[in-house]
Amino acid sequence: KILFLFQNPFSQLIYPWASDEFYFSMENDNYTHEQMDNKREELQSYFDLGSVWHKKTSTLSHGECQRLVLASLLAIGPEVLLLDEPTAFLDPEARSFFYQWLSTHKNGKTIILVDHHLKEIIPYIDRVIHVSADGEISETSPIIDKSEKNREQSFSFFHGHMKPINIELIMKNVIYHHAHQKKLLEGLSLSARSGDVIVIKGKNGQGKSTLFKIMAGLIRPIKGEVQIQKEGQFLVPKKRYKEMGFI
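Residues numbered from 1 in each chain as written. Predicted model: local features only at pLDDT ≥ 70, side-chain atom pairs only at ≥ 80, totals over all residues. Heavy atoms only, no water.

Caption draft 1: Representation of the overall build of the protein within the structure. Secondary structure assignment for the protein yields eight helices and nine strands. Dimensions of the protein, computed from C-alpha atoms along their principal axes, come out at roughly 65 × 50 × 25 Å. Buried residues in the protein amount to 30% of all 247 residues. Sequence-distant contacts, at least 24 apart, represent 59% of the contacts inside the protein between residues at least 6 apart. Only carbon and sulfur atoms are counted for the fraction: they give 54% of the accessible area of the protein, which is about 16600 Å². Counting 30 positive and 30 negative side-chain charges, the protein places the centres of these two groups 10 Å from one another. (Helix = DSSP H or I, 4+ residues; strand = E, 2+ residues; numbered from the N terminus. Buried < 20%, exposed > 50% of the residue type's maximum accessible area, 1.4 Å probe, protein only. Contact = heavy atoms within 4.5 Å. Areas by Shrake-Rupley, 256 points an atom, 1.4 Å probe, with all protein chains shown as cover. Lys, Arg positive; Asp, Glu negative; His and termini not counted. Charge placed at Lys NZ, Arg CZ, Asp CG, Glu CD.)

Caption draft 2: Main features of helix α3 (residues 62-74). The first and last C-alpha atoms of α3 sit 18 Å apart over 13 residues, in line with the 18 Å expected at 1.5 Å per residue. Buried residues dominate α3, accounting for eleven of its 13 residues. Elements that come into contact with the buried residues of α3 comprise β1 (2-5), α1 (18-28), α2 (33-47), β2 (80-84) and α4 (92-105). (Expected span 1.5 Å × (residues − 1).)

Caption draft 3: Spotlight on the nonpolar core. Phe22, Leu43, Phe47, Leu70, Leu74, Leu83 and Phe98 are the most contacted members of the largest nonpolar core, which totals 33 residues. For this core, the secondary structure elements donating two or more residues are β1, α1, α2, α3, β2 and α4. For this core, the leading source of residues is α3, giving six residues. Setting aside its immediate chain neighbours within four residues, Leu83 contacts Leu3, Leu5, Leu70, Phe98, Ile111, Ile112, Leu113 and Val114. In this structure, Leu184, Met215, Val226 and Ile228 belong to the second largest nonpolar core, which totals 14 residues. (Core = buried A, V, L, I, M, F, W, Y, C linked by side-chain atoms within 4.5 Å.)

Caption draft 4: Just the pattern of salt bridges, in detail. Per the counting criterion, the structure on display carries nine salt bridges. The closest approach of N and O atoms between Asp48 and Lys203, which form a salt bridge, is 3.5 Å. Here Lys203 lies in the loop between β7 (185-193) and α7 (208-216) and Asp48 lies in the loop between α2 and α3, a separation of 155 residues in the sequence. Asp48 sits in the partly exposed class, given a relative accessible area of 37%. Salt-bridge contacts for Glu64 lead to Lys55; the nearest nitrogen and oxygen are separated by 2.9 Å. Salt bridges sharing partners connect three or more residues here, namely Asp48, Glu93 and Lys203. (Salt bridge = Lys/Arg side-chain N within 4 Å of Asp/Glu carboxyl O.)

Caption draft 5: Representation of the environment of Ile76. Mapped onto the elements, Ile76 comes out in the loop between α3 and β2. By relative accessible area, which is 29% here, Ile76 ends up partly exposed. When the C-alpha positions of Ile76 and Ser25 are compared, they lie 6.8 Å apart, and in sequence the two are 51 residues distant. Leaving out residues up to four positions away in the same chain, Ile76 has contacts with Ser25, Met26, Asp29 and Tyr31.

Here you go:
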């Protein structure tokens, strides 16, 4: 009767294949094949699962994994949903579809969720419970007040007095794809210099995290090269790691 979505969806995976993972909860509840196929058809469009059915769960991106776990748990129709940051890894489009799903199902369920996208979810919720840094719990109306906006606008970085270092990350014609996949990153070239702030955007499963792993040297590209230049000198791979942090 109670669904609990963990903050890290990978910790809820059981099966090595995505399709098996989706059917697992319904098999436990003795759904018929017809019922399971109907649920798959119903949830596939909301969570854009068409591209993940035949993937290994170990190759899923965080967003794909979160969508899969959500769909597989929602398939058995729980009455209470406890969702710990259910949109943390979803791209904006997938997040919007999820909020729409909430709005159409909330009257038949009790839903409690942790979410930081307050502006987006406000139209769909009835109550907001705020937990302060001191552990105090208070209830507020589901609107964004001026103090909330001020907190967002006042956020800033303090660079201190660090001596500037000239670093450049260079990627040349990088090609990468997983096994049995035609394309993921195709002929990608990039130059990022000291002082640059670059945003990588794209839908879940399009290779953003994979790109970071290639930059960090955790994955080798099929073709192409990644170089780091410091003060005009190219660094050998063993010395790159001291110049890079990967969160």
